[in-house]
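What the coordinates show
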Amino acid sequence: MRREGVNRAGRAARLRRRQEYGLGLLGVALAFGVCEVVGRAGLVRRSYLPPASEVLARAAELAGDRSFLDGVGATLWAWTLGLGLAVAVAVPVGLLLGSLPVVDSAVRVIVEFLRPLPSVALIPLVSLLLGAGTETEVALITYASVWPVLFNTIYGLGETDPLAKDTLRAFGFGRLSVLLRVELPATAPFIAAGIRISAAIALILAVATELLSGFGEGLGIFMAQASLATDGTRDVLAGVVWAGALGLVINGVLVWCERRLFPWTPERRGSGA
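Please read all numbers here as calculations on a predicted model, not as lab measurements.

Mapped onto the fold, Gly33 is located in helix 1 (residues 2–41). Its relative accessible area of 28% is what places Gly33 among the partly exposed residues.

Taken together, Ile110, Phe113, Leu114 and Leu117 make up a surface patch of nonpolar side chains, about 370 Å² in accessible area. Structurally, the position occupied by Leu117 is in the loop between helix 4 (101–114) and helix 5 (123–130).

Another point: the packing of aromatic side chains. For the structure on display, the rule yields 5 aromatic pairs. Seen from their ring centres, Phe68 and Phe222 are 4.9 Å apart, and the 70 degrees between their planes marks the pair as edge-to-face. Pair noted here: Phe68 is in helix 3 (residues 66–99) and Phe222 is in helix 9 (residues 219–228), with a separation of 154 residues, a long-range link. With relative accessibility at 17%, the residue Phe222 sits in the buried group. Ring centres 6.4 Å apart and planes at 35 degrees place the aromatic pair Trp147 and Phe151 in the tilted group.

Here the focus is helix 4. With 14 residues, helix 4 should cover 20 Å at 1.5 Å per step; its first-to-last C-alpha distance of 19 Å lies within 8% of that length. At Val107, helix 4 shows its maximal kink, close to 50 degrees.

A few words now on helix 2 (residues 52–62). Ala52, Val55, Arg58, Ala59 and Leu62 are the residues of helix 2 that are buried. The buried residues of helix 2 all sit within an arc of 125 degrees when viewed along its axis, so they share a single face.

Let us look at the packing of helix 3 against helix 9. Where helix 3 contacts helix 9, the two axes come as close as 7 Å, and the packing angle between them is 130 degrees. Viewed along their axes, helix 3 and helix 9 adopt a mutual orientation that is oblique. The segment helix 3 lies against helix 9, with Phe68, Gly71, Val72 and Thr75 engaging Leu219, Gly220 and Phe222. By residue class, the composition of the contact of helix 3 with helix 9 is 4 nonpolar, 3 polar and no charged.

The rules behind each value
Position numbers for residues start from 1 in each chain and track the written sequence from start to end. Given that this is a predicted model, residues contribute local features only at a pLDDT of at least 70 and side-chain atom pairs are listed and counted only at 80 or more, while totals for whole chains, interfaces and linings are drawn from all residues. Heavy atoms from the whole structure form the basis of all side-chain values; hydrogens and water molecules are not counted. Helical segments are the DSSP runs of H or I of at least four residues, strand segments are the runs of E of at least two, and each set is numbered from the N terminus. Buried means the residue's accessible area, taken with a 1.4 Å probe over protein chains only, is under 20% of the maximum for its type, while exposed means over 50%, and partly exposed covers the values in between. Note on patches: the residues involved have over 30% relative accessible area and no salt bridge, like charges join within 9 Å, and the nonpolar side chains Val, Leu, Ile, Met, Phe, Trp and Tyr join within 5 Å. Each accessible area value is a Shrake-Rupley result obtained with a 1.4 Å probe; residue values ignore everything except the protein chains displayed when judging cover. Salt bridge, as applied in this entry: a Lys or Arg side-chain nitrogen positioned within 4 Å of an Asp or Glu carboxyl oxygen. The aromatic pairing rule takes the rings of Phe, Tyr and Trp, using the six-membered ring of Trp, and pairs them if the centres are within 6.5 Å, calling planes under 30 degrees apart stacked, those over 60 edge-to-face and the rest tilted. Multiplying 1.5 Å by the helix residue count minus one yields the expected span of that helix. Across the chain, bend at a residue is computed as the angle between axes fitted to the seven residues ending at that point and the seven starting from it. What the arc measures is the spread of directions leading from the helix axis to the C-beta atoms. Orientation is described by lines fitted to C-alpha atoms, with helices fitted over the stretch in contact, and by angles between N-to-C directions that extend from 0 to 180 degrees. In this scheme, roughly parallel covers angles under 35 degrees and roughly antiparallel covers those over 145, while 65 to 115 is roughly perpendicular and the rest are oblique. Note on definitions: a residue-residue contact is assigned when non-hydrogen atoms from the two residues lie within 4.5 Å. Gly counts as polar in this scheme, as do all residues outside two lists: the nonpolar Ala, Val, Leu, Ile, Met, Phe, Trp, Tyr, Cys and Pro, and the charged Asp, Glu, Lys and Arg.

Right, here's the structure in full:
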């Protein structure tokens, strides 16, 4: 009977997901239709808002442009480096702060001061220190992406079952063993959620840094150059389509990995994933 209840809950969750996907596709179709009608009807000048079909056609055409794909690859490379560095810094620091409340209290003021600073506002300073290149882009991505992973790690440690920790301590396990055997596995889903949030932030910062800094190569550089060209709005919007598609793919891959790596979490058990 219990298995039947779990299966029924899993079917209901899958049905809800299909409904959400269907509604999402419907929303995209409606937005596409509105943009197409507005562009074709001449309500807005085509130089400001080309028809959606032309934008999608241009986005598909760019898939065969080697220089454009090289730029996308450069953006993804900076995204990978920045996100990887953010995870490498945030997870150990989060484990340290979450395990030692004294240290957390000592650095809390510094963390709360640095966290609200917008990364985009730091572009001139970081460019002055590191020069024009990938280093600046990676540094800004790392700074912006470190916070969700850091705070999710600290929060995950706080949600660890104290009974499991006390049980290991009762059997003579030390702090490091408790951290590796209980706290880190329990915190892993929270870390994964933080990485998923940071992945979106990192992609936004990668494109925004390229757009605002105007140096190097990448998707943002393509969009910045297109905005300066005559009737370049179509290329800019095609770049936006590419950026959105990359974000969807990255988020979908990370969600799939979470479902496969952490099937024991309550939401995964309830969905039958």
